[in-house]
Amino acid sequence: MSSILLFLSALLPIGMWWLLRQGVMSKPWLEQGVVEGLPGPPPTSAAKVGLGVFLAVIGSLFALFISAYAVRMQMPDWRDVPLPNILWLNSGMLLLSSIALQGARNAARDGDAMALKIGLLAAGVTALAFVSGQLLAWRQLTGNGYLLTSNSANAFFYVLTGIHGLHVLGGLAVLGRTTAAAWRGRLSERLKLSVELCAIYWHFLLVVWLILLSILAGWAGSFVEICRQLLT
Amino acid sequence: MAVALILVLITVGSVAFHLLSPWWWTPIASNWAYIDSTIIITFWITGAVFVAVVLFMAYCVYRFRHQPGRQAHYEPESRRLELWLTVVTGVGVAAMLAPGLFVWRQFITVPQDATDVEILGQQWQWSFRLPGPDGKLGVSDTRLISPDNPLGVSREDPAGQDDVIVEGGELRLPIGKPIKALLRSVDVIHDFYVPEMRAKMDLVPGQVSYIWFTPTRTGTFEILCAELCGVGHAQMRGTVVVQEQSDYQAWLQDQASRSFARLAPAAQ
Amino acid sequence: MVDVPLGSIGAAPAAAVDDVELYHPHSWLTKYVFSQDAKIIAIQYSLTALSVGLIALVLSWLMRLQLGFPGVFSFIDANAYYQFITMHGMMMVVYVLTALFLGGFGNYLIPLMVGARDMVFPYVNMLSFWIYLLAVLILVASFFTPGGPTGAGWTLYPPQAIMSGTPGGQDWGIILMLVSLMVFIIGFTMGGLNYVVTVLQARARGMTLMRMPLTVWGIFTASFMALLAFPALFVGAVMMLFDRALGTSFFMPAIAEMGQPLERSGGSPLLFQHLFWFFGHPEVYIVALPAFGIVSDLISTHARRNIFGYRMMVWALLAIGALSFVVWAHHMYVSGMNPYFGFFFATTTLIIAIPTAIKVYNWVLTLWRGDIHLTVPMLFALAFIVTFLNGGLTGLFLGNVVVDVPLSDTMFVVAHFHMVMGVAPILVIFGAIYHWYPKVTGRMLNDALGKLHFWITFLGAYAIFFPMHYLGLMGVPRRYYEIGEMSFVPPSAHMLNAFITIVALIVGAIQLVFVFNLFWSLRHGRPSGGNPWRATTLEWQTPETPPPHGNWGRELPVVHRWAYDYSVPGAAEDFLPQNQPNAQARQGTSNE
Ligand code: HEM
Ligand SMILES: [Cu+2]
Ligand SMILES: [Cu+2]
């Protein structure tokens, strides 16, 4: 369960810092009137804060899956899955998708409607390519006899990539709506905001994917092993 | 007024119930008297806190009940009082935790001279495997289970040849000798629980867990399953018979010769 | 006298109303059914949860009938008994208490108490309720499938939960349970985001964090914890569903079923337990923290005194919330996990007792030198302190690893958790309903019926669960369909069991009086006015009662003080509403 504890201990200082800034040490009964000294609700939009909290939830979900993976991996029947090569291509696609969306975000900020549309489209297409690539990877694996039930390493591969893929698909649904809005209307504040939120979400999923990949490939395991040896 | 009185009655009633009711733990039959002492310490500390807080509440409810003209006292906090209470609580908690951890260390440290005994659970009965004259248990594996080998004992292992297997019956133990119970399950999680021994541990399929204890009293005690294991959970009973050393040895010899006769043909 | 720079007292410009931003219902359907108004959603959540609660209550009757009078009721066989236990436990913990505190009270109170018009994402909030309802329907549907609901115990431990020796293990029961939980978690996440972000973003002008009532603090912290903890249950449910439906071996080691080896290998049953309790322990506090918050406000209001040690109360809430993520394995002391974990988890568990104890002290110290009005909500709050204290203290037995060895999985545990997370939070829920009903409906609940309901519920529940500890101390295991013959159980214990059953039936029956009161008072209750308890917090200061959509009319409230200005020396009244500017209140008096 160390991954989830690590994840939570990363959240803890953020929470503490925020609480201190909000004055949890102050004595409220001594203050009267509208206090201007302390920060009120921050100027960030609610949607952005909401997305931040939501990412914490998803982070917790994946940290828990990884914890489960780490526990199950220690059992003697574990046989690692050879990663299909197509995963590298897929990772490249997801990276491109993130870059394209970042481009769209910048374009939205600069008011460049054309670049925005191109960025959104490119991001959508590459993300779709990622998801289809993942499906291909599944087919290759089952074709080679790495079935869901034959070993838990396989099962974890399907579950982890599947849950990640579902999150990408969910993002694609929102991205689709945003793209449609970009096509239809003018560059409203609302549109800018949704492009920005999509971009943040995409970067987050990219990071999650890279972490998952490093774990499935076994790098994370070796890294932890090295750290452990350094410490002892 | 009435409310304060009832609060007092609840406190007095709870304490009286604790002291007077006929329901209490069963007389102990193992070396874990320390566990009982830890429970007693905990009862004293928690009981004192319960009585103090509820009586204080009752007093407040009586003394500060609404009456015309009363005004509450305005006092947002008192650092001194709160600090003081925190420290006292901390001390009380430590007074329970320290003996607890101390006894826990003993609980998980098996003495060198303990005899291994295997306790095996399956839906919904207990089986036992005692080392024969060689004092060792043979290896076992769930995948070897078959109708004529319900415990999955390996027939290759010489240490297992003389093991005494008791299926669905009673577990006999000699008095005064530490026992290390190796707990194993073939299907779901069960829990080996003998109230008189104060010991309890889950039997988890796929792994071997353990507890140890020294029987200190001869007699027959009930084994209960304390982890939900399906519809037969409440019926999953067994017995432990604690005997004098000599009686036990006589029984063991008898069993060993019998089970050897049973296993011999298959072992060829 | 004042050590914080003050803004322009009393002259704060009114916050502008952005009319366009408000969602306006256009038809009866969007106003009362598919409503996006947090208050309507709160009522929908509450009524659904209370209905599930009634089902769970009836199940508890049936279980008690079997335990008190074994063999008399032939329709309760072992199968049915384990199904009742499981559904009762899971419904109470997740579908009643969590939903009621967060979905019900959270939705109603957060926007009103922080001075917002509504939740920040009303549409998502509405979806949250409908998804919750779907989860409930899936759960209840399992009663009508072949094989019936699962009987795996609310902890759903594999391998047992998905094997044929357990009711519903190889039928639909366990599948529907897992799916329902997953749906619930998705729905809750939608709601939870709202509760958290509304507190972060939509507070009225002047509502600093430290001016928030403890109710909001409690619900806020609990929602945050739930958002982080529920994924653990989700992960466990997904993996178990794979094991059950697709034949994987996440949790399934090599085992034999009825003498036949199964095609599984290597899985870890303990892994599920870790995941389950990583959710399960915080869950206890997800239920408890809102109760802590609400009860603080009830006590303060009805004792006409500021909550004693407000800052300490907030810090204790936060400390409990954080610590509760590192104590989960205290449910696994005898699970066969590495026994050295026992040292760590016993220590963290007993440390968490300290902030919890501080909260109890501060509640009783609030009564000290107060002006105690023994209203029905106050009675429930006092009863909460007694039962919570009792249950919390027995928690010190179970948390202290070696003491837990003889007690775990006995009726002592059942008595403990019913006292601390069954009875205590339910008493708060009742108190809260008596307290806020006037705001929701504009009428008071009937006082005499309320007192009758209170005394029987409180004394009855205490009489049910206090003696039960001693059955466990004696050695009676929990989840036993019948005690049967146990050499160490004297006949008098069977009489005790019968007594408990009879009291449980009475306590259950008296809840009908409460339900009757809820409906009767809707029409016949005494009109309450806007602020019947003369309370300071914002929800009592709405221009209209019940508050209409949008809560505040044209102008949002502006907050001038903390939530606990009761009996301030020199003030004209014994309470100063949070939105009251300086006014006549404190002139010439010192604050200390
Ligand atoms: C007067 C009300 C209640 C009565 C009479 C009652 C009765 C029972 C009984 C007889 C059991 C089975 C005990 C056993 O054999 O192991 C049980 C289990 C349980 N109850 Fe209650 N209960 C009540 C209220 C509640 C409440 C409010 C909660 C909310 C937390 C709750 C949560 C549970 C849980 C979690 C279990 C364990 C289920 C399991 O073992 O899987 N109960 N209850
Ligand atoms: Cu059992
Ligand atoms: Cu816990």
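Since this is a predicted model, take the numbers as computed values, not measurements. (Residues numbered from 1 in each chain as written. Chains lettered and ligands numbered in written order. Predicted model: local features only at pLDDT ≥ 70, side-chain atom pairs only at ≥ 80, totals over all residues. Heavy atoms only, no water.)

## Things to note about the sheet that holds strand 5 (residues 179-185) of chain B
Residues and elements named next belong to chain B. Pairing is mixed across the open sheet formed by five strands, whose spatial order is 3-2-1-5-8. Every interior strand has two partners, whereas the edge strands, strand 3 (164-167) and strand 8 (209-213), have only one. The average undirected angle you get between the axes of adjacent strands in this sheet is 20°. Relative to strand 3, strand 2 (residues 125-130) runs antiparallel, the two sharing four bridges. By the bridge assignment, L130 is partnered in strand 3 with V164. (Pairing = 2+ DSSP bridges. Helix = DSSP H or I, 4+ residues; strand = E, 2+ residues; numbered from the N terminus. Axes fitted to C-alpha atoms, helices over the stretch in contact; angles between N-to-C directions.)

## What to know about the coordination of the copper ion (ligand 2)
Residue and element names in this part refer to chain B. On the protein side, the copper ion (ligand 2) has C225 (SG), E227 (O), C229 (SG) and H233 (ND1) as donor atoms, found 2.1 to 2.6 Å from it. Here the copper ion (ligand 2) binds four donor atoms, and the angle range of 87 to 126° at the metal identifies the geometry as tetrahedral. In the primary structure, the donors to the copper ion (ligand 2) are separated according to the pattern C-x1-E-x1-C-x3-H. When sorted by exposure, C225 lands in the same class as C229, which is buried. (Donors = N, O, S within 2.8 Å, 3.2 Å for Na, K, Ca; no water. Tetrahedral: all angles 85-135°; square planar, octahedral: opposite > 155°, others 65-115°. Buried < 20%, exposed > 50% of the residue type's maximum accessible area, 1.4 Å probe, protein only.)

## What about unusual backbone geometry?
Residue and element names in this part refer to chain C. A cis amide bond links P158 with the next residue in sequence, P159, at an omega value of 5°. Cis geometry is adopted by the peptide bond preceding P546, which originates at T545 and carries an omega value of -10°. Along the chain, P546 turns up in the segment after helix 14 (491-524). We note that R479 has phi near 55°; this positive angle belongs to a residue other than glycine. Note that R479 resides in the loop between helix 13 (447-474) and helix 14. On the accessibility criterion, R479 (7% relative accessible area) is buried.

## As for the packing of helix 2 (residues 46-73) of chain A against helix 5 (residues 152-184) of chain A
Residue and element names in this part refer to chain A. Across the interface, helix 2 lies against helix 5 with an axial gap of 11 Å and an inter-helix angle of 175°. Between helix 2 and helix 5, the angle is such that the two are roughly antiparallel. Residues I58, L61, F62, F65, A68, Y69 and R72 of helix 2 form the contact with helix 5, whose own contacting residues are S152, F156, V159, L160, I163, H164 and H167. Within the contact of helix 2 with helix 5, the residues separate by chemical class into 10 nonpolar, three polar and one charged. (Parallel < 35°, antiparallel > 145°, perpendicular 65-115°, else oblique. Contact = heavy atoms within 4.5 Å. Nonpolar A, V, L, I, M, F, W, Y, C, P; charged D, E, K, R; others polar.)

## Observations concerning helix 6 (residues 189-216) of chain A
It helps to recall that an α-helix has 3.6 residues per turn; residues three or four apart then point in one direction. The terminal C-alpha atoms of helix 6 of chain A lie 40 Å apart, and with 28 residues this matches the ideal 40 Å at 1.5 Å per residue to within 8%. Of the residues trailing helix 6 of chain A, G218(A) is marked for its positive phi of about 90°. (Expected span 1.5 Å × (residues − 1).)

## Re the site of ligand 1
Residue and element names in this part refer to chain C. Y81, H88, W154, H418 and R479 are the nearest of the 22 residues found near ligand 1. One nitrogen or oxygen atom from the side chain of H88 is found 2.8 Å from a nitrogen atom belonging to ligand 1. Between ligand 1 and R478 there is a distance of 3.0 Å, counted from an oxygen atom to a side-chain nitrogen or oxygen. Only helix 2 (38-68), helix 3 (78-114) and helix 12 (411-441) provide two or more residues apiece to the shell around ligand 1. (Near = heavy atom within 4 Å. Polar contact = N/O pair within 3.5 Å; in protein donor to acceptor, adjacent residues only side chain to side chain.)

## Here's the deal with a nonpolar patch on the surface
All names here are of chain C. Taken together, W28, L29, Y32 and F34 make up a surface patch of nonpolar side chains, about 450 Å² in accessible area. Tracing the sequence through the fold places L29 in helix 1 (residues 28-33). Here L29 falls in the partly exposed class, since its relative accessible area comes to 44%. (Patch = residues over 30% accessible without salt bridge, like charges linked within 9 Å, V, L, I, M, F, W, Y side chains within 5 Å. Areas by Shrake-Rupley, 256 points an atom, 1.4 Å probe, with all protein chains shown as cover. Salt bridge = Lys/Arg side-chain N within 4 Å of Asp/Glu carboxyl O.)

## Re the side chain of T349(C)
Residue and element names in this part refer to chain C. With respect to the helices and strands, the residue T349 is situated in helix 9 (residues 341-367). A relative accessible area of 10% places T349 in the buried class. In this view, T349 contacts V327, H330, Y333 and G399; residues no more than four positions away in its chain are not counted.

## Quick notes on the pairing of strand 8 of chain B
Residues and elements named next belong to chain B. Counting buried positions over the five residues of strand 8 gives four, a clear majority of the element. Across five bridges, strand 5 lies against strand 8 in antiparallel orientation. The partner of A181 across the bridge, within strand 8, is I211.

## Focus on the interface of chain B and chain C
On the side of chain C, 115 residues touch chain B, which itself brings 94 residues to the contact. Together, the buried faces of chain B and chain C total about 9200 Å²; carbon and sulfur atoms form 70% of this surface. The tally of links between chain B and chain C comes to three salt bridges. The partner of R305(C) in a salt bridge is E75(B), with the nearest N and O atoms 3.5 Å apart. Taken together, the links from chain B to chain C amount to 30 residue pairs in polar contact (both at pLDDT 80 or more). A total of 17 residues in the side of chain B that touches chain C trace back to one element, the largest contributor, which is helix 3 (residues 79-108) of chain B. Residues that form the side of chain B that touches chain C fall into these classes: 54 nonpolar, 23 polar and 17 charged. (Buried area = accessible area lost by both parts, 1.4 Å probe.)

## Some words on the coordination of the iron atom of ligand 1
All names here are of chain C. Distances from the iron atom of ligand 1 to its protein donors, H88 (NE2) and H418 (NE2), fall at 1.9 to 2.0 Å. Relative to the metal, the six donor atoms surrounding the iron atom of ligand 1 lie at angles of 88 to 179°, and the coordination shape comes out octahedral. In this pair, H88 sits in helix 3 while H418 sits in helix 12, placing the two residues 330 residues apart along the sequence. Summarising the burial analysis for this pair, H88 and H418 share the class buried.

None of the figures reported here should be taken as evidence of function without further support.
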